[in-house]
Amino acid sequence: MVATDNKFSAQGQSPPFDLCKYLAERQALVEEALERFLPITYPEKIYEAMRYSLMAGGKRLRPILCLATCELAGGTIEMAMPTACALEMIHTMSLIHDDLPAMDNDDYRRGKLTNHKVYGEDIAILAGDGLLAYAFEIVAQTENVPAERLVQVIARLGRAVSAAGLVGGQVVDLECEGKTDVSIETLNFIHTHKTGALLEACVVCGAIIAGISVTDLQRLSRYAENIGLAFQIVDDVLDITATQEELGKTAGKDLQAKKATYPSLWGLEESKCKAQQLVAAAKAELAPFGENARPLLAIAEFITTRTN
Ligand code: GRG
């Protein structure tokens, strides 16, 4: 390893970016911070239910994106960690509610029984609500970040989860259930809101915490929009091509429910191709950031190569 690094520095090049190592290190930091933020206290039942889904693994892509953009924009991991954890709490609450019988009615998530299967629907709804509320509290209590930046972050998070974001996307998704004539415009609306809005918030909030310029924020926002849609296209592809073990949730659910997906509109190969084009467009937005953008470039690549 040292010899390889020396070879690259002798040629004036950086060694290849090790995404696996980077993700593993960041995942460990996020797990540790989440553990600290959510100890079990009275009433134990609700904290246990919140922790059951929050600490159940997952790629931790959202907090890692937030940390990465904060560092890219000159901030530190410590500055972004409360917001990174808040984003993971919001994401987890959306998964808990998405899995409820009134929504997607799923039995498995992150390789485990879904929250309502273990704790019942009443507690699962409250566990989601508890995570959502706590997310905003911990952002507001962030230390060593100017209050005006935190206010912007809170506004962005609020919008991302609102009817202008996740909630709106989910509503249109529910409306489209059982329809065979869902247009590509409607499908794009669903996913830019259901999946894209929170991924964009991750990227944008990390950068706001570090005090980025408006122009650079717009660039990162376009990067996020592109990876957000690519992420969902790959999600639809994996629903067809991956196993339940790989996904940690029921595979083939979209086909079974005759749901409109990118592969159902475009076919598998075209969908993969579109995801790659979006990733290329995302990467192009990072050009002005040079070497500092290596983690975000590698994460964009990971979106299309992931297997779960
Ligand atoms: C936010 C108030 C509020 C309500 C929630 C239920 C709902 C409204 C929205 C659904 C949002 C949803 C579940 C979108 C799907 C996003 C998605 C692709 C999830 C899978 O993400 P991964 O692969 O999962 O990153 P892991 O487990 O790795 O974190």
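Note that the coordinates shown come from a computational prediction; the quantities given were computed from them, not determined experimentally.

Caption draft 1: Looking closely at unusual backbone geometry. Cis geometry marks the peptide bond from Y42 to P43; its omega dihedral reads -5°. The backbone phi angle of R60 is positive, close to 60°, even though this residue is not glycine. The buried category is assigned to R60, whose relative accessible area is 1%. In this model, K258 sits at a positive phi of 50°, which is unusual for a non-glycine residue.

Caption draft 2: Local environment of the site of the ligand. The immediate surroundings of the ligand are formed by 20 residues, with K59, R62, H91, R110 and Q170 found nearest. Within the side chain of H91, a nitrogen or oxygen atom sits 2.8 Å from an oxygen atom of the ligand. A distance of 2.8 Å is found between an oxygen atom of the ligand and a side-chain nitrogen or oxygen belonging to R110. Coverage of the ligand by the protein amounts to 90% of the 750 Å² it exposes when considered alone. Of all the secondary-structure elements, those providing two or more residues to the shell around the ligand are α5 (77-99), α9 (166-176), α10 (184-209) and α11 (214-241). Broken down by element, the shell around the ligand gets its largest block of residues, five residues, from α5. Considered class by class, the residues forming the shell around the ligand number seven nonpolar, six polar and seven charged.

Caption draft 3: Structural detail: empty space enclosed by the protein. Counting across every chain of the model gives one cavity of 30 Å³ or more. In this structure, the largest cavity spans a volume of roughly 100 Å³. Lining the largest cavity are 13 residues, with S53, R109, L113, T114 and N115 sitting closest to its centre. With four residues, α5 is the largest single contributor of residues to the lining of the largest cavity. For the lining of the largest cavity, the residue count by class is five nonpolar, four polar and four charged.

Caption draft 4: The arrangement of the pattern of salt bridges in detail. Applying the stated rule across the entire model yields 20 salt bridges. Here E71 ties to R26 by a salt bridge, and the two come within 2.6 Å at their closest N and O atoms. Linking E71 in helix α4 (residues 61-72) with R26 in helix α2 (residues 19-37), this pair joins segments that are 45 residues apart in sequence. Residue E71 is classed as partly exposed on the basis of its relative accessible area of 33%.

Caption draft 5: A look at the layout of surface pockets. Quantified by volume, the second largest pocket comes out at close to 360 Å³. Of all the secondary-structure elements, those providing two or more residues to the lining of the second largest pocket are α8 (147-161), α10 and α11. In terms of residue count, the dominant contributor to the lining of the second largest pocket is α10 (six residues). Residue composition of the lining of the second largest pocket, grouped by class: seven nonpolar, five polar and four charged.

Caption draft 6: Structural view of the packing of α5 against helix α7 (residues 121-140). Where α5 meets α7, the axes come as close as 8 Å, and the angle between the chain directions of the two elements is 160°. For the element pair α5 / α7, the angle class is roughly antiparallel. Here the hand of the crossing between α5 and α7 comes out left-handed. Contacts between α5 and α7 pair P82, T83, C85, A86, M89, I90, T92, M93, I96 and H97 from the former with A124, I125, A127, G128, D129, L131, L132, Y134, A135, F136, I138 and V139 from the latter.

Caption draft 7: Fine view of the side chain of R51. Within the secondary structure, R51 sits in helix α3 (residues 44-54). Of the polar contacts made by the side chain of R51, one reaches the side chain of E35; its length is 2.9 Å. Apart from residues no more than four positions distant in its own chain, R51 is found in contact with E35, L38, P39, I40 and A56.

Caption draft 8: Structural view of the environment of E285. Within the element layout of this structure, E285 appears in the loop between α15 (268-284) and α16 (294-305). With relative accessibility at 18%, the residue E285 sits in the buried group. Taking the C-alpha atoms as reference points, E285 and E71, separated by 214 residues in sequence, lie 17 Å from one another.

Caption draft 9: Highlighting the environment of G57. Among the secondary structure elements, G57 is positioned in the loop between α3 and α4. Here the alpha-carbon distance between G57 and Q27, two residues 30 residues apart in the chain, equals 9.3 Å.

Caption draft 10: Layout of α16. For α16, with 12 residues, the first-to-last C-alpha span of 17 Å sits near the 16 Å given by 1.5 Å per residue. All of the buried residues in α16 are P295, L296, A298, I299, A300, F302 and I303. Along its buried surface, α16 packs onto α2, α4, α11 and α15.

Conventions and cut-offs
- Residues numbered from 1 in each chain as written.
- Predicted model: local features only at pLDDT ≥ 70, side-chain atom pairs only at ≥ 80, totals over all residues.
- Heavy atoms only, no water.
- Buried < 20%, exposed > 50% of the residue type's maximum accessible area, 1.4 Å probe, protein only.
- Near = heavy atom within 4 Å.
- Polar contact = N/O pair within 3.5 Å; in protein donor to acceptor, adjacent residues only side chain to side chain.
- Areas by Shrake-Rupley, 256 points an atom, 1.4 Å probe, with all protein chains shown as cover.
- Helix = DSSP H or I, 4+ residues; strand = E, 2+ residues; numbered from the N terminus.
- Nonpolar A, V, L, I, M, F, W, Y, C, P; charged D, E, K, R; others polar.
- 1 Å grid on protein atoms, 1.4 Å probe; cavity = no way out; pocket = protein on both sides within 12 Å on 5 of 7 lines; lining within 4 Å.
- Points joined across faces, edges and corners; volume = space filled by probe spheres on them.
- Salt bridge = Lys/Arg side-chain N within 4 Å of Asp/Glu carboxyl O.
- Axes fitted to C-alpha atoms, helices over the stretch in contact; angles between N-to-C directions.
- Parallel < 35°, antiparallel > 145°, perpendicular 65-115°, else oblique.
- Left-handed = near helix turned anticlockwise from the far one by under 90°.
- Contact = heavy atoms within 4.5 Å.
- Expected span 1.5 Å × (residues − 1).

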